[in-house]
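# Reading the structure
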Amino acid sequence: AEGSPMYIELFILDNFVMDALLLRLACALCAAPARLSRLLLFSLLGSALAFASLLFAPLASLPGKLICAMLMALALPVDSFGSYLRALGCVLASALLVGGLALLLALADGGGMSGGVLMGAWKLRTALIVAGVAAFAPPVVRHLRMKGQTRCAKVLLVFAGKEHRLRGLWDTGARLYEP
């Protein structure tokens, strides 16, 4: 609603969670794994840019937001200009999906836009935090579950009458992509 107060720490937290979800989705769209520390660092950068846009109006404009998206695309692993453009496209598509979903949730709960800021009830913030935890939990759980287990196996390969002893990496093949 117009004129509603917005606490800066919650604004920064909301932007951090939204950026983390956006980058996680962009990684999935690009099928490009990125380290958790890198995603969190760029989520923090996104929060800082969101805060800066409150103080420096051009960052809140469409060209300013495109520049921010270009910076956020660097969170994904890129090794060429073509892969950077692909990462940028995935970041923009993710922003459209995640931002659109947040807007729909806010509108469904009586929220809206105020001064260029999406205002939602506490339910929206709770949903964002739960989604953020859910998006980053599987690799952590998998790591804890696999702790202490060996991921290599001894393999005996027989080909053309010759035996070859090799080490094989254990992989269940049960996941299409793990960022």
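The structure under discussion appears in the preceding block.
For clarity, every value in this text was computed on a predicted model and none was experimentally measured.

### Notes on the pairing of strand β4 (residues 162–169)
Summarising the sheet, strand β3 (residues 152–159) and β4 pair through eight bridges and their orientation is antiparallel. Bridge pairing in β4 places Val-155 opposite Leu-166. If you look at the hairpin formed by β3 and β4, you'll find two residues sitting between the two strands, and Ala-160 has a positive phi there, around 55°.

### Description of the pattern of salt bridges
Tallied over the full model, the rule gives one salt bridge. The partner of Glu-163 in a salt bridge is Arg-165, and the shortest N-O contact between them spans 3.9 Å. On the accessibility criterion, Arg-165 (67% relative accessible area) is exposed.

### Remarks on the nonpolar core
With 19 residues, the main nonpolar core has Leu-23, Ala-73, Leu-76 and Val-91 as its most contacted residues. Excluding its chain neighbours within four sequence positions, the residues that come into contact with Ala-73 are Tyr-84, Ala-87, Leu-88 and Val-91. Val-17, Leu-21, Ala-102 and Ala-135 belong to the second-largest nonpolar core, a separate cluster that totals seven residues.

### Comments concerning the side chain of Ser-53
Within the secondary structure layout, Ser-53 lies in helix α2 (residues 36–55). Here Ser-53 falls in the buried class, since its relative accessible area comes to 18%. From its side chain, Ser-53 meets the backbone oxygen of Ala-50 in a polar contact 2.6 Å long. Once residues lying within four places of it in the same chain are set aside, the contact partners of Ser-53 are Leu-59 and Ala-60.

Calculation criteria
Residues numbered from 1 in each chain as written. Predicted model: local features only at pLDDT ≥ 70, side-chain atom pairs only at ≥ 80, totals over all residues. Heavy atoms only, no water. Pairing = 2+ DSSP bridges. Helix = DSSP H or I, 4+ residues; strand = E, 2+ residues; numbered from the N terminus. Salt bridge = Lys/Arg side-chain N within 4 Å of Asp/Glu carboxyl O. Buried < 20%, exposed > 50% of the residue type's maximum accessible area, 1.4 Å probe, protein only. Core = buried A, V, L, I, M, F, W, Y, C linked by side-chain atoms within 4.5 Å. Contact = heavy atoms within 4.5 Å. Polar contact = N/O pair within 3.5 Å; in protein donor to acceptor, adjacent residues only side chain to side chain.

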